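Here are the chains, one letter per residue:
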Amino acid sequence: MHDSFVRTEMLAPQDPPLRETGAVKWLRENLFSGPLNTILTLLGAYIVVTLVLMAFPWWWNGVWNATSLAECRAKVAEMGAESGACWAVIKARWHQYIFGFYPMDQYWRPVLTAGLLLAALAPVLYWNDRKGAILTGIAGVLAVISMLLLSSPVMAVVVSAAIMAALFVLARIRPRQMIWVTLAYPFAALFLLWGGQVWTYLSAILAVAAGIGFGLLYGKLRNDASNLIYAIVTAIGAAFVAAALIHYLDAVSADFLTKLSASNSFYPGFGSGGGMVAKTLGALVSAVIWAISVAVWAMVGVMRAVSGVLNLNLGMLADFPLAGTLGLGAVLAAIGTFKAARSRAAGIGIFGGLLAIGAYWLIVHPWLTAQLGAAIPLGLPRINSDQFGGFVLAIVIGVTAITASLPLGIILALGRRSDMFLVKTLSVGFIEFIRGVPLITLLFTASLLLAYFLPPGTNFDLILRVIILASLFSAAYLAEVIRGGLAALPRGQYEAADALGLDYWQAQRLIIMPQALKISIPGIVGTFIGLFKDTTLVSFVGLLDPLRGVTQIVRADINWKGIYWEPYIFVGVIFFLICFGMSRYSMYLERKLKTDHR
Amino acid sequence: MAEAKAKLQVSDEVAIEIRNMNKWYGTFHVLRDIDMTVNRGERIVICGPSGSGKSTLIRCINRLEEHQSGQIIVDGTELTSDLKNIDKVRSEVGMVFQHFNLFPHLTILENCTLAPIWVRKIPKREAEETAMHFLRKVKIPEQAHKYPGQLSGGQQQRVAIARSLCMKPRIMLFDEPTSALDPEMIKEVLDTMIELAQEGMTMLCVTHEMGFAQAVANRVIFMDQGQIVEQNEPREFFNNPQSERTKLFLSQILGH
């Protein structure tokens, strides 16, 4: 039997009981919630205390002033201690860990580059203009203080201080304009780090501006006739670039084949000393090399045949470059004009822009820089790539590769999800190949094998090659991370974007990517951190990374022979600070972008 | 309500024409020989058991699904694989989804102004004014600066309707707009839709809300197994269904 019940007044909320709050509750829940956990807590505490007691004397008795490891040890013994760290090595050699063999009187250049880096990152990292300005200000002050501590030339310090102050003022009063600083930064950084004539870099900026301008011009054309003219100009330009490219390919393939044939003498060298296994291995390697060279020959042959046929003159088969140029140029011109007549495809604008950059680079750039350099020589002493080292090298490679790999990763992720068979296959192939190969292999490829594919006599900077390979490597991983983010989006988001009439790129840029990238932030930052730490692997191709490269050099010094922990701890701490900073930033970003209120 | 409905005029102008349209998912024949004509100003309710192809049908009208044979002509533009035509049709046809599909990373106002700014190339200020106008119309202007996640289901669906209206569409498609809502919220969405119907919008609505069909529809289409089984004006349809299949369906949904 039920009594009927009607509540006449609603209950007010009350405070929880006391034992459910405060430190007592925390301790009980986290450390002593049961007999097993109590035992584990005590055991853990014991282990921690023991470890600290063991390591403490070594840290506590550290020696900061000494000129050699032997002196360090003597001082430790003098204090009557059993062990002590020898931090004197850091004090003596810290500059090599930071700058490698960069000339000492030029240290202000990497420092200013780092200061500018923070200023250039400010508008990218923060929406909040005030935070951006604060970061710029801090970067300026730190840069100037570091320069003073490094006793840099007065002129350099004054100019740097002026630049940083100007940027700070700009960030305060016109924060929107800071994005131009970001865009100009790569050129400024290249100039500051490698030096040379300032005109080279200004001309490079001009080249990019010309390319973008020429590309955008296409969007401004309003009638069919001007579209057609644009397309024809672009097509003729393409034919010229194709000519250059084919000449280059021809030279490369010939050289490559010679080298491959030469390398086939590898087999006897491998097999002569060894037994059956070595001989078999040698034969296999030899077979692979032969297979590659046959494939390359076949490819060249097909290219020759195709170019000959396209030119409708089979007798020209022998004269590959000319036939190829004419054939390819004709095809490109046809495609270009056809496209222009049919639709206002943005592709022609992009193509035109790239060609404008190419044309500028080939024709205007050498002339302009020569003229200006002769008239007003203005520049910084040139620093070679082999003088780079330490954290300057790690950060140059890390930051550049991170910046390059994100857009590449996005494109690869989109490519992998594309409906177009060829795009999809190429993306999948690229990603799987890069992910299947260890980074060190790719770095070796960068340092050794790329030379085979370059025309004889070209000198391609090793740091640049490493940066390219590191970017490709992390782009492949990023692509998979971003693909995960894309897969996590409900199909409804794509449908809503479609139903509103947004085209593919608008939908990607405005709807899909902002959400997919937000989901993937932890993975993306994880990949970035991995990439930054992987920069230490460049020591395998002879670059001076801070961990192994510089440490080896320091330990080769008779004074510091046998030193072990201290340099690694020093380098490890710096790596930790940078990676921890990235990780904290990603958490800030996730909080900032949290709009789903789940 | 009946009074309001009587005033609604249906013009002779054809808004959507579908001829002999067929669609397959792989080997499964989802839509079979669909023939229908929708005049401007018509309010059509499409109903039928689940899996009957009704959602697929209206999703074909703005090419979210591709049909394999036959013709679909929307506002004089035939839907083919030509992207230009598809974009043109999509900017004329608004669509409201079962699960709202608002963009969670944008505020309500940004949700409403995004397409007008990027597709119609309308200045931001003007797009915002239009958006506020339609948000007032669906009675949630005060939520404009919140994010979709902060709104109730009914409010989100009204935002979705406002978002579509901001593109000034000539035809609106509703794909089960109230199926994912709590009973308390269904009414607020239906009220918005009724208001829209009274303004003469051409509407195609997949729904099981038979009250809505009786109140505003001038035609009810019943589909089963990918075919149009029966269509009639609502009173006849509900009171005097002809086919056995329709009778069974109606007895199941109106039986309680």
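**Student:** Is there a simple way to explain the overall build of chain A in this structure?
**Tutor:** In terms of regular secondary structure, chain A is built from 22 helices and 2 strands. Expressed as a percentage of its 598 residues, the buried residues of chain A come to 39%. About 34,100 Å² of surface is accessible on chain A, with carbon and sulfur atoms providing 72% of the total.

**Student:** What is the right way to look at the state of the cysteines in this model?
**Tutor:** For the structure on display, the rule yields 1 disulfide over all chains. Note on cysteine connectivity: Cys72(A) is disulfide-linked to Cys86(A), with sulfurs 1.9 Å apart. Here the disulfide of Cys72(A) and Cys86(A) is right-handed, its torsion about the S-S bond being about 70 degrees. Here Cys86(A) lies in the loop between α3 (69-78) and α4 (88-99) and Cys72(A) lies in helix α3, a separation of 14 residues in the sequence. Unpaired in terms of disulfides, Cys60(B) finds its nearest cysteine sulfur in Cys205(B), a separation of 17 Å. With a relative accessible area of 0%, Cys60(B) lands in the buried category. With no disulfide of its own, Cys112(B) lies closest to Cys166(B) among cysteine sulfurs, the gap being 4.5 Å. Since its relative accessible area comes to 1%, Cys112(B) is described here as buried.

**Student:** For this particular structure, what's the right way to read the nonpolar core?
**Tutor:** Here is a general trend for soluble globular proteins: nonpolar side chains tend to be buried in one another's company. In terms of nonpolar packing, the biggest core is built from 147 residues, with Phe388(A), Ile16(B), Ile18(B), Ile46(B), Leu57(B), Val74(B) and Leu204(B) touching the most fellow members. At 13 residues, helix α20 (residues 504-534) of chain A tops the list of elements feeding residues into this core. Each residue touching Ile16(B), except ones within four places of it in the same chain, is listed here: Met36(B), Thr37(B), Val38(B), Ile61(B), Ile73(B), Val74(B), Ile171(B) and Leu204(B). Ile186(B), Ile194(B), Met203(B) and Ala213(B) belong to the second-largest nonpolar core, a separate cluster that totals 47 residues.

**Student:** Is there a simple way to think about the confidence of the model for chain A in this case?
**Tutor:** As a general rule, the predicted coordinates of low-pLDDT regions are not to be interpreted in detail. Residue and element names in this part refer to chain A. Looking at chain A, the pLDDT average stands at 81 and 77% of residues meet or exceed 70. Across chain A, the secondary-structure element scoring lowest on mean pLDDT is helix α11 (residues 266-273), at 46, and the one scoring highest is helix α15 (residues 390-416), at 94. Counted against residues more than four places away or in other chains, residues 311-321, with its pLDDT under 50, gives 20 contacts.

**Student:** Could you clarify how one ought to interpret helix α6 (residues 129-149) of chain A in this entry?
**Tutor:** The α-helix winds at 3.6 residues per turn, so residues separated by three or four positions along the chain end up facing the same way. Residues and elements named next belong to chain A. Over its 21 residues, α6 extends 30 Å from the first C-alpha to the last, a length consistent with the 30 Å expected when each residue adds 1.5 Å. Within α6 the residues assigned to the buried category are Gly-132, Ala-133, Leu-135, Thr-136, Gly-137, Ala-139, Gly-140, Ala-143, Val-144 and Met-147. Buried residues in α6 make contact with α5 (108-125), α7 (154-173) and α8 (178-194). Residue Ser-151 follows α6 closely and has a positive phi angle near 45 degrees.

**Student:** Help me out: how do you make sense of the interface of chain A and chain B in this one?
**Tutor:** Quoted interface sizes are often the accessible area lost when the parts come together. Residue-level contacts link 21 residues of chain A with 24 residues of chain B. Of the roughly 2,000 Å² buried where chain A meets chain B, counting both sides, 61% is carbon and sulfur surface. Ranking the residues of chain A by area buried against chain B places Ala499(A), Leu500(A) and Thr595(A) at the top, with a combined share of 28%. Where chain A touches chain B, the interface holds 3 salt bridges. Applying the counting rule to chain A against chain B returns 6 residue pairs in polar contact (both at pLDDT 80 or more). Contributing elements (two or more residues each) for the side of chain A that touches chain B: α19 (491-499) and α20 of chain A.

**Student:** Before we go on, may I ask you to explain a positive patch on the surface in this structure?
**Tutor:** Residues and elements named next belong to chain A. A surface patch of like charges, here positive, comprises Arg-130, Lys-131, Arg-172, Arg-584, Arg-591 and Lys-592. Those elements that place two or more of their residues in the positive patch are α6 and α22 (565-592). Sort the elements by how many residues they give to the positive patch and α22 lands first, with 3 residues. Relative to the helices and strands, Lys-592 is located in helix α22. A relative accessible area of 42% places Lys-592 in the partly exposed class.

**Student:** Just to check I follow, could you spell out empty space enclosed by the protein for this structure?
**Tutor:** Over the atoms, a rolled probe matching the size of one water molecule traces out where space is still vacant. On inspection of all chains with the given rule, the structure shows 4 cavities of 30 Å³ or more. The volume enclosed by the largest cavity comes to roughly 90 Å³. For the largest cavity, the lining is made up of 15 residues, of which Ala499(A), Leu500(A), Gly94(B), Met95(B) and Ser164(B) are closest to its centre. Those elements that provide at least two residues to the lining of the largest cavity are α19 of chain A together with α3 (83-92), β6 (93-96) and α6 (153-165) of chain B. Looking at the lining of the largest cavity, the element that brings in the most residues is β6(B), giving 4 residues. Tallied by class, the residues present in the lining of the largest cavity amount to 10 nonpolar, 3 polar and 2 charged. Of all elements in the fold, only α17 (439-453), α18 (462-488) and α20 of chain A reach the threshold of two or more residues within the lining of the second largest cavity. Here the lining of the second largest cavity is composed, by residue class, of 7 nonpolar, 1 polar and 1 charged.

**Student:** Can you walk me through the pattern of salt bridges in this structure?
**Tutor:** Two side chains bearing opposite charge may form a pair once their charged atoms approach each other closely. Residues and elements named next belong to chain A. For the structure shown, the criterion picks out 26 salt bridges over all chains. For Arg-491, the salt bridge identified is with Glu-495, shortest N-O distance 2.8 Å. With a gap of 4 residues between them, Arg-491 and Glu-495 both fall in helix α19, about one helical turn apart. Under the relative-accessibility criterion, Arg-491 is labelled exposed at 56%.

**Student:** Where do I start with the side chain of Thr130(B) in this structure?
**Tutor:** You can see Thr130(B) is positioned in helix α5 (residues 124-137). Excluding residues that lie within four positions of it along the chain, Thr130(B) makes contacts with Cys166(B) and Lys168(B).

**Student:** Before we go on, may I ask you to explain the sheet that holds strand β5 (residues 77-78) of chain B in this structure?
**Tutor:** Hydrogen bonds between backbone atoms are what pair the strands of a sheet, whose relative direction is either parallel or antiparallel. Residues and elements named next belong to chain B. The strand order across the open sheet built from 4 strands is β2-β1-β4-β5, with neighbouring strands paired in antiparallel fashion. In this open sheet, the two edge strands, each paired with only one partner strand, are β2 (28-39) and β5. Sheet analysis places strand β4 (residues 69-74) next to β5, joined by 2 bridges and oriented antiparallel. The partner of Ile-73 across the bridge, within β5, is Glu-78. Across the sheet, helix α2 (residues 54-61) is in contact with β1 (14-25), β2 and β4; its angle to β1 comes to roughly 120 degrees.

**Student:** Explanation requested: the packing of α15(A) against helix α16 (residues 421-436) of chain A in the structure shown.
**Tutor:** The description of two packed helices rests on the angle between their axes and on the distance between the axes. All names here are of chain A. The geometry of α15 relative to α16 is characterised by a closest axis approach of 7 Å and an angle of 125 degrees between their N-to-C directions. Relative to α16, the element α15 is oriented oblique. Here the hand of the crossing between α15 and α16 comes out left-handed. Along the contact surface, α15 presents Leu-412, Gly-415 and Arg-416, while α16 presents Val-423, Lys-424, Ser-427, Val-428, Phe-430, Ile-431 and Glu-432. A per-class count over the contact of α15 with α16 returns 5 nonpolar, 2 polar and 3 charged.

**Student:** Just checking my understanding: could you explain the environment of Leu135(B) for this structure?
**Tutor:** Residues and elements named next belong to chain B. Turning to its location among the elements, Leu-135 is positioned in helix α5. The exposure class assigned to Leu-135 is buried, which follows from its relative accessible area of 0%. Sequence spacing of Leu-135 and Leu-109 is 26 residues, and the spatial spacing of their C-alpha atoms is 8.5 Å. Contact partners of Leu-135, with chain neighbours within four places excluded, come to Ile-108, Leu-109, Cys-112, Ile-140, Pro-141, Ala-144 and Ala-162.

Cut-offs applied
Residues numbered from 1 in each chain as written. Chains lettered and ligands numbered in written order. Predicted model: local features only at pLDDT ≥ 70, side-chain atom pairs only at ≥ 80, totals over all residues. Heavy atoms only, no water. Helix = DSSP H or I, 4+ residues; strand = E, 2+ residues; numbered from the N terminus. Buried < 20%, exposed > 50% of the residue type's maximum accessible area, 1.4 Å probe, protein only. Areas by Shrake-Rupley, 256 points an atom, 1.4 Å probe, with all protein chains shown as cover. Disulfide = S-S within 2.5 Å. Core = buried A, V, L, I, M, F, W, Y, C linked by side-chain atoms within 4.5 Å. Contact = heavy atoms within 4.5 Å. pLDDT = per-residue confidence, 0-100. Expected span 1.5 Å × (residues − 1). Buried area = accessible area lost by both parts, 1.4 Å probe. Salt bridge = Lys/Arg side-chain N within 4 Å of Asp/Glu carboxyl O. Polar contact = N/O pair within 3.5 Å; in protein donor to acceptor, adjacent residues only side chain to side chain. Patch = residues over 30% accessible without salt bridge, like charges linked within 9 Å, V, L, I, M, F, W, Y side chains within 5 Å. Lys, Arg positive; Asp, Glu negative; His and termini not counted. Charge placed at Lys NZ, Arg CZ, Asp CG, Glu CD. 1 Å grid on protein atoms, 1.4 Å probe; cavity = no way out; pocket = protein on both sides within 12 Å on 5 of 7 lines; lining within 4 Å. Points joined across faces, edges and corners; volume = space filled by probe spheres on them. Nonpolar A, V, L, I, M, F, W, Y, C, P; charged D, E, K, R; others polar. Pairing = 2+ DSSP bridges. Axes fitted to C-alpha atoms, helices over the stretch in contact; angles between N-to-C directions. Parallel < 35°, antiparallel > 145°, perpendicular 65-115°, else oblique. Left-handed = near helix turned anticlockwise from the far one by under 90°.

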